[in-house]
Amino acid sequence: MDTLEPLSAFFTAIEKDPRISITHIGIYAALLQFWKINHYTNPIQVFSYQIMDIAKISASATYHKCIRDLSAFGYIRYEPSFKRNQGSKVYFLF
């Protein structure tokens, strides 16, 4: 699989979606990077601080708003774990 294909498909999908901001794009790109680091497993299990670090986001409220938006808009499926020792699951929907 071409590693840029999911990112390219995402950019094509959001081209006419005014709801998507640069923060959403940064989080999605960070999720793709984390997915690559974890050998392309779907779903990935992540902690917010891991993605926030890659995406250079410092506010957890911003992260949670944007990741919920991405899920609600149909770009990913996000299943929060609400457990301190277990990461949330993120499914890619390509």
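Up top is the structure.
Residues numbered from 1 in each chain as written. Predicted model: local features only at pLDDT ≥ 70, side-chain atom pairs only at ≥ 80, totals over all residues. Heavy atoms only, no water.

Undergrad: Looking at this model, I keep getting lost on the side chain of Ser88. Mind explaining?
TA: In this structure, Ser88 sits in strand β3 (residues 88–92). On the basis of relative accessible area, Ser88 is assigned to the buried category, the value being 11%. Only 3.2 Å separates the side chain of Ser88 from the backbone nitrogen of Ser81, close enough to count as a polar contact. (Helix = DSSP H or I, 4+ residues; strand = E, 2+ residues; numbered from the N terminus. Buried < 20%, exposed > 50% of the residue type's maximum accessible area, 1.4 Å probe, protein only. Polar contact = N/O pair within 3.5 Å; in protein donor to acceptor, adjacent residues only side chain to side chain.)

Undergrad: Help me understand the pattern of salt bridges, please; the structure alone is not making it clear to me.
TA: Two side chains with opposite charge may pair up if their charged atoms get near one another. This model, assessed by the stated rule, comprises 3 salt bridges. Close ionic contact of Asp17 with Arg19 constitutes a salt bridge, the shortest N to O distance being 2.8 Å. Of the residues examined, Arg19 reaches a relative accessible area of 45% and is grouped as partly exposed. Among the salt bridges present, the one from Lys65 reaches Asp69, with a minimum N-O distance of 2.7 Å. (Salt bridge = Lys/Arg side-chain N within 4 Å of Asp/Glu carboxyl O.)

Undergrad: Quick question: what am I supposed to make of helix α2 (residues 22–37) here?
TA: Count 3.6 residues to each turn of an α-helix, and residues three or four apart come out pointing the same way. Compared with the 22 Å implied by 1.5 Å per residue over 16 residues, the 23 Å span of α2 between its first and last C-alpha is a close match. Looking at α2, one finds that the buried residues are His24, Ile25, Ile27, Tyr28, Ala30, Leu31, Leu32, Phe34 and Trp35. Residues of α2 that are buried in the fold lie against α1 (5–14), β1 (44–46), α3 (48–55), α4 (60–72), β2 (76–79) and β3. His39 sits one or two positions beyond α2 and adopts a positive phi of about 60°. (Expected span 1.5 Å × (residues − 1). Contact = heavy atoms within 4.5 Å.)

Undergrad: Is there a simple way to think about the packing of aromatic side chains in this case?
TA: The geometry of an aromatic ring pair is captured by two quantities: the separation of the ring centres and the angle between the planes. Applying the stated criterion across every chain, the model contains 9 aromatic pairs. Between Phe47 and Tyr49, the ring centres sit 5.7 Å apart and the planes meet at 20°, which makes this aromatic pair stacked. Residue classification places Phe47 among the partly exposed positions, given a relative accessible area of 24%. Site record: aromatic cluster; members linked through ring pairs are Phe10, Phe11, Tyr28, Trp35, Tyr40, Tyr75, Phe92 and Phe94. (Phe/Tyr/Trp six-rings, centres within 6.5 Å; stacked < 30°, edge-to-face > 60°.)

Undergrad: I tried to follow the side chain of Asp69 on my own but got confused; where do I start?
TA: Positionally, Asp69 belongs in helix α4. Reaching out from Asp69, the side chain makes a polar contact with the side chain of Lys65 at a distance of 2.7 Å.

Undergrad: Please clarify how the layout of surface pockets should be interpreted in this entry.
TA: Regions of empty space are outlined by a rolling probe, equal in size to a water molecule, passed over the atoms. What the largest pocket holds in volume is close to 310 Å³. Counting only elements with at least two residues in the lining of the largest pocket, the list comes to α3 and α4. If you tally residues by element for the lining of the largest pocket, the top one is α4, at 4 residues. Broken down by class, the residue content of the lining of the largest pocket amounts to 8 nonpolar, 6 polar and 3 charged. (1 Å grid on protein atoms, 1.4 Å probe; cavity = no way out; pocket = protein on both sides within 12 Å on 5 of 7 lines; lining within 4 Å. Points joined across faces, edges and corners; volume = space filled by probe spheres on them. Nonpolar A, V, L, I, M, F, W, Y, C, P; charged D, E, K, R; others polar.)

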